Amino acid sequence: MRGESPRNRRGPGRFRTASAAVAAVVLAGTGALAGCTSSDSASSGSSTEAVRPSPRPTPVWDRSPGSIAAVGDSITRGFDACGVLVDCPEVSWSTGTDSGVRSLAYRLLGGPAAEGPPAARLAENSWNLAETGARMADLPDQMARAAQYGPELVTVMVGANDACRRSARQMTPVAAFKASFEESMRLLRADAPKAQVYVSSVPDLKRLWSTGRGNPLGRQVWKLGICATMLGDAQDDSKGAQKRRNMVYDRVVAYNDTLKGVCAKDVRCRYDGGEVFDFRFTGKQLSHWDWFHPSKNGQSRLAEIAYRNVTAAEPPA
């Protein structure tokens, strides 16, 4: 998506103002309260006193944003969901236009119409800036570009490639992962201070290995080097292999804790509560070309999770 020209729609997002609080009136009069006498009323100087209502705070989280920018990695690009080793952004869980997937943008921008939004409206109000192979270190640049469009919501899904390396020693250190995410948020806030951010947890790579390892074709594809730290020697159950996979699992958990912690410091950021990490992908929800990336069905499940969390009155626990 590099080279695309922003629409320069900067400006605050649509945030709906809460209705005024209901006025409360406290009535006091002769005989209204036990022990209140006529002399008590006379000394008070008034039989009725109005109490001003306390204003309710303006809601910060808009549950129906009107524009979406997506940043992240191959999952958000729909990699291997439509063909072999190619991006398929039209089925992206975040900004895709495929009516079978019903992406987050499709659901939010389509309103109540069952057929969803027209393609032109999606194209005008959503931007997919994710890149296949991206790691957290690439997110600051993506986020800075996303800010130029003035989106009301930015979706983030990144981290799998930080754990998917040739060896466990090459996995991105947690401190570096955190620093890059903090820098990404800082850059977004510099140009889009009121943009909301929805952060997806990193999927459980160990569960993907467990689900896909039973497919002979998948194992052959994995030998090409897809996520070697987790998928390499897929049938090896030795202590060394188990230790390696557990190291990857623990690193992903640490990444998700980092995403949650950094997001919690920003009033307009909402983390998914670990729902994507906890989601139990089945063979139906994995690409039949690599048995690792989400299929169209898997992308649709990710869209459901995102839509539920973005439109919820309260953030996930």
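Preceding this section is the structure that the text describes.
Quick caveat: nothing in here was measured; it's all calculated off a predicted structure.

> Where do I start with the state of the cysteines in this structure?
A disulfide bridge is the covalent bond that connects two cysteines by way of their sulfur atoms. Taken as a whole and assessed by the stated rule, the structure comprises 3 disulfides. Disulfide pairing is shown between Cys 164 and Cys 227; the S-S distance is 2.0 Å. Every disulfide takes its handedness from the sign of the S-S torsion; for Cys 164 and Cys 227 that torsion is -75 degrees, giving left-handed. Remark: Cys 227 occurs in the loop between helix H8 (216-222) and helix H9 (228-231) and Cys 164 occurs in the loop between helix H5 (160-163) and helix H6 (174-191); sequence separation between them is 63 residues. Given a relative accessible area of 13%, Cys 164 falls into the buried group. For Cys 227, a relative accessible area of 6% gives the class buried. A disulfide bridge connects Cys 263 with Cys 269, and the sulfur atoms are separated by 2.0 Å. On the S-S bond that ties Cys 263 to Cys 269, the torsion sits near -115 degrees, and the link is left-handed. Take Cys 263 and Cys 269: they sit in the same class, and that class is buried. If one numbers only the bonded cysteines of the chain, in the order they occur, the disulfide pattern is 1-2, 3-4, 5-6.

> Explain the packing of helix H4 (residues 139-147) against H6 to me, please; I cannot follow it from the model alone.
Put simply, H4 and H6 touch, their axes get as near as 8 Å, and they point 15 degrees apart. Regarding the angle of H4 to H6, the classification is roughly parallel. Two packed elements cross with a definite hand, and for H4 against H6 that hand is right-handed. Contacts between H4 and H6 pair Leu 139, Pro 140, Met 143, Ala 144 and Ala 147 from the former with Ser 180, Phe 181, Glu 183, Ser 184, Met 185, Leu 187, Leu 188 and Asp 191 from the latter. Here the contact of H4 with H6 is built from residues that sort into 9 nonpolar, 2 polar and 2 charged.

> Please explain the pattern of salt bridges as it appears in this structure.
Note that side chains of opposite charge can pair when their charged atoms are close. Counting across every chain of the model gives 9 salt bridges. The salt bridge partner of Glu 131 is Arg 145, with a shortest N-O separation of 3.3 Å. Highlighted residues: Glu 131 in the loop between strand E4 (126-128) and H4 and Arg 145 in helix H4, separated in sequence by 14 residues. Classification of Arg 145 as buried rests on a relative accessible area of 18%. Between Glu 183 and Arg 186 there is a salt bridge, with the nearest N and O atoms lying 2.9 Å from each other.

> Sorry, what's going on with helix H10 (residues 239-264) here?
An α-helical turn contains 3.6 residues, so a residue and the one three or four places further along point in the same direction. Helix length check: H10, at 26 residues, gives a terminal C-alpha distance of 37 Å against a target of 38 Å (1.5 Å per residue), a fit within 8%. Those residues of H10 that sit buried are Ala 241, Arg 244, Arg 245, Val 248, Val 252, Tyr 255, Asn 256, Thr 258, Leu 259, Val 262 and Cys 263.

> Before we go on, may I ask you to explain the side chain of Thr 155 in this structure?
Along the chain, the position of Thr 155 falls in strand E5 (residues 153-157). You can call Thr 155 buried: its relative accessible area is 0%. For Thr 155, the contacting residues outside a window of four places in its chain are Ile 68, Ala 69, Ala 70, Val 71, Trp 93, Ser 94, Leu 104 and Tyr 198.

> Sorry if this is basic, but what is going on with the side chain of Asn 309 here?
The residue Asn 309 is located in helix H12 (residues 296-311) in this model. Side chain to side chain, Asn 309 and Tyr 198 meet in a polar contact 3.3 Å long. If sequence neighbours within four positions are ignored, Asn 309 has contacts with Tyr 198, Arg 270, Asp 272, Glu 275 and Pro 316.

About the cut-offs
Once a new chain begins, its residue numbering starts again from 1 and follows that chain's sequence as written. pLDDT decides what is reported in this predicted model: residues at 70 or higher carry local features, side-chain atom pairs at 80 or more are listed and counted, and totals for whole chains, interfaces and linings draw on all residues regardless. Only hydrogens and water are set aside when side-chain values are computed; all heavy atoms of the structure are taken into account. Disulfide assignment relies on a single distance test, namely cysteine sulfur atoms paired within 2.5 Å. Secondary structure follows DSSP: runs of H or I at least 4 residues long count as helices, runs of E at least 2 residues long count as strands, and numbering of each begins at the N terminus. We call a residue buried when its accessible area falls under 20% of the maximum for its residue type, exposed when it is over 50%, and partly exposed in between, using a 1.4 Å probe and counting protein chains only. Every axis in this analysis is a line fitted to C-alpha atoms, fitted for helices over the stretch in contact. Angles between the N-to-C directions lie between 0 and 180 degrees. An angle counts as roughly parallel when it lies under 35 degrees, as roughly antiparallel when it exceeds 145, as roughly perpendicular when it falls between 65 and 115, and as oblique in every other case. Crossings are sorted by hand: turned counterclockwise from the far helix by less than a right angle, the near helix makes the crossing left-handed, and turned clockwise it makes it right-handed. Whether two residues touch is decided by their heavy atoms; if any such pair falls within 4.5 Å, the residues are in contact. All amino acids are sorted into three groups, where Ala, Val, Leu, Ile, Met, Phe, Trp, Tyr, Cys and Pro are nonpolar, Asp, Glu, Lys and Arg are charged, and the leftover types, Gly among them, are polar. Here, a salt bridge means any Lys or Arg side-chain nitrogen found within 4 Å of an Asp or Glu carboxyl oxygen. Expected helix span is taken as 1.5 Å per residue step, with the number of steps being one fewer than the number of residues. Whenever two N or O atoms come within 3.5 Å, that pair is a polar contact, provided that in protein one can donate a hydrogen and the other can accept it, and provided that, for residues adjacent in sequence, both atoms are side-chain atoms.

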